[in-house]
Amino acid sequence: MYLKTLALSSLILCSISFPFVMVIITFSFDGPTGLKKEELPPYYQPWMDIALRVPELVHSHELRFHINKMPQLSSQFLQKHRELRLAHLALSMMTMGYMWQEGENNTVKMLPHNLAVPYWEVSQRLGLPPILTHADAVLANWRKKDPEGPFDMENLEVLVSLPGGDSTRGFFLVTLLVEMAAVPALRNIPTVINGVRCGDTETVAKALEVISQSLQDMTDKLKLMQVYVEPSVFYGIMRIYLSGWKDNPCMPKGLVYEGVQAEPMEYSGGSAAQSSLLHCFDELLGVKHEAKSGAFLTRMRNYMPPAHKLLTQDISLQPSLKRFVQQQDSERLNQAFHHCVTKLLALRSYHINVVSRFITVPAARARQLRNQSQELDGEMISRAPTALEERGTGGSGIMIFLKAVRDQTKGTLLPETSK
């Protein structure tokens, strides 16, 4: 239903440039309403047999053994886009488990050719990097238990998982619900741009009010993290499996993809910065990021599906919404723009709160345990990797980065409404 509605609303807005309309439609296919297929052609059953057992095989320290014995399969029999996305998800989960099976102290320098070669081929066909991305773990990693049932936590389950049990499921699915809450906002971005081009103040204000509510709904969904994810499990077990081999002291030289190239390659781990949602809102509202944080966010766009990246670029090329608001004598428009920025600011502030609860506080506790030279029973955070204590899974200095992005968002407020 979301798919049909989004595509239809995009086509109706025909005065927007043709490429922009097509990007919106493409986004609807690649977003949360996209991949639902749970099976690959029978030829690829050896991949799925292992991918579906990643948590179990990591726990028994047998995943690397099983992957090393896995037959080398060609990607040529993957024909449909959804098959490619599911294959990328399965190969990504296997890769993360293979790399981090023994934690940060026993990493490998080379991904075996029977995994690396098809992974590279599938990645090239999709325009995605050969590492677990937000588009894999969240957008392509779900199904409804009851196809006719509601889109909520009780009726959703992940297709492929990582160590961490219910908290891992909760982390991926809550993030998916945040993405879904953005659907009304995405549907109204073309309306805003169209209205700006036509000078239609009321249409722009009305669309911004919908976007503002959508941003509030995203924050409300993000609050479910504290219900479905245990901080100690996220920090002590799950987090390392989202970490990449760029800006990671555990793997300073990156990873060799055997059979692809002899030199190691570096890729960042999964990050919320790889979601196109906030990039779209930043471009629409005119949020300007400073050089360091802006460079990281720009690099994260290379971890998005190509259509998502193109969408954010297309929005950036449209007439300035902020300038339009400043030029109009409309209290409703000013307030609608102000509310959008403040809701985006609130979402980013709450994200900082989440990161503090799930990373900063457990990291401090882990340091305390190490300083006491003891590991307490039940304190799984004491076994957490030390190399990424102050960094996000994407490799950024996480709290400094998030606070800078929040402050830059605040700078977008109009002077007369920011008081």
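Residues numbered from 1 in each chain as written. Predicted model: local features only at pLDDT ≥ 70, side-chain atom pairs only at ≥ 80, totals over all residues. Heavy atoms only, no water.

1. Some points on the overall build of the protein
The criterion, for reference: Counting from the N terminus, the helices are DSSP H or I runs at least four residues long and the strands are E runs at least two residues long. Each residue is assigned to one of three classes by its accessible area relative to the maximum for its type, calculated with a 1.4 Å probe on protein chains only: buried under 20%, partly exposed between the two thresholds, exposed over 50%. The contact criterion used is simple: two residues touch if any of their non-hydrogen atoms lie within 4.5 Å. To be clear on the numbers: accessible area is Shrake-Rupley with a 1.4 Å probe, and residue cover counts the displayed protein chains and nothing else.
From N to C terminus, the protein includes 19 helices and 4 strands. In the protein, buried positions account for 56% of the 419 residues. Taking as baseline every contact in the protein between residues at least 6 positions apart, the subset at least 24 positions apart corresponds to 78%. Split by element, the accessible area of the protein, about 17900 Å² in all, is 53% carbon and sulfur.

2. Concerning the confidence of the model for the protein
Heads up, the condition is: Along the chain, pLDDT gives the predictor's confidence residue by residue, from 0 to 100.
Averaged over all residues, the pLDDT of the protein is 87; the fraction at 70 or higher stands at 84%. In the model, residues 1–36 has pLDDT below 50 throughout and makes 76 contacts with residues more than four positions away in sequence or in other chains. Low pLDDT (under 50) marks residues 392–396, which in the prediction has 21 contacts with non-local residues, meaning those over four places away or in another chain.

3. Notes on the pattern of salt bridges
Under the convention used in this document: Salt bridge, as used here: a side-chain nitrogen of Lys or Arg that lies within 4 Å of a carboxyl oxygen of Asp or Glu.
In this structure the tally under the stated criterion is 9 salt bridges. Here glutamate 56 and arginine 53 are joined by a salt bridge, their closest N and O atoms 2.7 Å apart. Accessibility expressed as a relative area gives 45% for glutamate 56, which makes it partly exposed. Overall, arginine 53 belongs to the partly exposed group, its relative accessible area being 32%. Note that arginine 143 and glutamate 157 form a salt bridge whose closest N and O atoms lie 2.5 Å from each other. Here the residue arginine 143 occupies a position in strand β2 (residues 143–144), and glutamate 157 occupies one in strand β3 (residues 156–157), the gap between them amounting to 14 residues.

4. A short note on unusual backbone geometry
The phi angle at histidine 61 is positive, at roughly 60 degrees, despite the residue not being glycine. Relative to the helices and strands, histidine 61 is located in the loop between α4 (54–59) and α5 (63–68). Given the relative accessible area of 47%, histidine 61 is considered partly exposed. In this structure, aspartate 247 takes a positive phi of about 55 degrees despite not being glycine. Positionally, aspartate 247 belongs in the loop between α13 (231–238) and β4 (256–257). Take aspartate 247: its relative accessible area is 35%, and that puts it in the partly exposed class.

5. A look at the packing of helix α9 (residues 165–181) against helix α11 (residues 201–222)
We count it as follows: Interaxial angle, 0 to 180 degrees, is taken between N-to-C directions of lines fitted to C-alpha atoms, where a helix line uses only the stretch in contact. Angles below 35 degrees are treated as roughly parallel, those above 145 as roughly antiparallel, those between 65 and 115 as roughly perpendicular, and all remaining angles as oblique. Gly is placed with the polar residues, together with every amino acid not listed as nonpolar (Ala, Val, Leu, Ile, Met, Phe, Trp, Tyr, Cys and Pro) or charged (Asp, Glu, Lys and Arg).
Interaxial distance between α9 and α11 falls to 8 Å at its minimum, and their mutual angle equals 170 degrees. In this view, α9 runs roughly antiparallel relative to α11, as classed from their interaxial angle. On the side of α9, the interface is formed by Val174, Leu177, Val178 and Ala181, while α11 contributes Ser214, Asp217, Met218, Lys221 and Leu222. Class assignment for the residues of the contact of α9 with α11 results in 6 nonpolar, 1 polar and 2 charged.

6. Thoughts on the packing of aromatic side chains
The criterion, for reference: Two rings belonging to Phe, Tyr or Trp (six-membered ring only in the last case) form a pair when the distance between their centres is within 6.5 Å. Interplanar angles under 30 degrees mark stacking, angles over 60 mark edge-to-face geometry, and anything in between is tilted. Note on geometry: a ring has a charge over it if NZ (lysine) or CZ (arginine) is within 6 Å of the ring centre and within 35 degrees of the ring normal.
Inspection of the entire model under this criterion finds 9 aromatic pairs. Ring geometry for tryptophan 142 versus phenylalanine 151: centroids 5.0 Å apart, planes at 65 degrees, classification edge-to-face. Assessed through its relative accessible area of 2%, tryptophan 142 is described here as buried. With a centroid separation of 5.9 Å and 85 degrees between ring planes, the pair formed by phenylalanine 234 and phenylalanine 358 is classed as edge-to-face. Here the residue phenylalanine 234 occupies a position in helix α13, and phenylalanine 358 occupies one in helix α18 (residues 331–371), the gap between them amounting to 124 residues. Phenylalanine 358 shares its class with phenylalanine 234; the two are buried. Pairwise contacts between aromatic rings join Tyr43, Tyr44, Trp47 and Phe77 into one cluster. One residue, arginine 64, lies across the ring of tyrosine 98, its end atom 5.8 Å from the ring centre.

7. With respect to the nonpolar core
Condition: The term nonpolar core refers to a set of buried residues drawn from Ala, Val, Leu, Ile, Met, Phe, Trp, Tyr and Cys, joined through side-chain atoms within 4.5 Å.
Core analysis: the largest hydrophobic core is formed by 122 residues, its most contacted members being Trp47, Met94, Leu208, Ile211, Trp245, Phe281 and Leu321. A per-element tally of this core places α18 first, with 15 residues. Once you skip the residues sitting within four places of it in the chain, isoleucine 211 turns out to touch Ala185, Asn188, Ile189, Val192, Phe281, Leu284 and Cys340.

8. Structural notes on the environment of glutamate 104
Its location among the elements puts glutamate 104 in the loop between α6 (81–100) and β1 (110–111). Judged by its relative accessible area of 16%, glutamate 104 is buried. Separated by 146 residues in the primary sequence, glutamate 104 and cysteine 250 place their C-alpha atoms 6.0 Å from one another.

9. Digging into the packing of helix α10 (residues 183–198) against α11
Spelled out, the test is: Working rule for handedness: look at the near helix, and if it is turned counterclockwise from the far one by less than a right angle, call the crossing left-handed; if clockwise, right-handed.
Contact geometry of α10 with α11 gives a least axis separation of 8 Å together with a crossing angle of 160 degrees. Comparing their axes, α11 and α10 come out roughly antiparallel. Between α10 and α11 lies a crossing whose hand is left-handed. Between α10, through Val183, Pro184, Ala185, Asn188, Ile189, Thr191, Val192, Gly195 and Val196, and α11, the contact on the second element is made entirely by Thr203, Val204, Ala207, Leu208, Val210, Ile211 and Ser214. Partitioning the contact of α10 with α11 into residue classes produces 11 nonpolar, 5 polar and no charged.

10. Observations concerning the environment of tryptophan 100
Topologically, tryptophan 100 is positioned in helix α6. By relative accessible area, which is 1% here, tryptophan 100 ends up buried. Linking tryptophan 100 and isoleucine 240, residues 140 residues apart in sequence, is a C-alpha distance of 6.9 Å. Setting aside residues no more than four positions away along its own chain, tryptophan 100 makes contact with Arg64, Thr107, Ile240, Tyr241, Ser243, Gly244, Trp245, Asn248, Cys250 and Met251.

11. Here's the deal with the side chain of serine 92
The following threshold applies: Polar contacts, as counted here, are pairs of nitrogen or oxygen atoms within 3.5 Å of one another; within protein the pair requires one atom able to donate a hydrogen and one able to accept it, and residues that are adjacent in sequence qualify only if both atoms are side-chain atoms.
Tracing the backbone through its elements, the reader meets serine 92 in helix α6. Given the relative accessible area of 0%, serine 92 is considered buried. Separated by 2.6 Å, the side chain of serine 92 and the backbone oxygen of histidine 88 make a polar contact. Setting aside anything within four residues of it in sequence, one finds serine 92 in contact with Tyr119, Ile131, Leu132 and Asp136.

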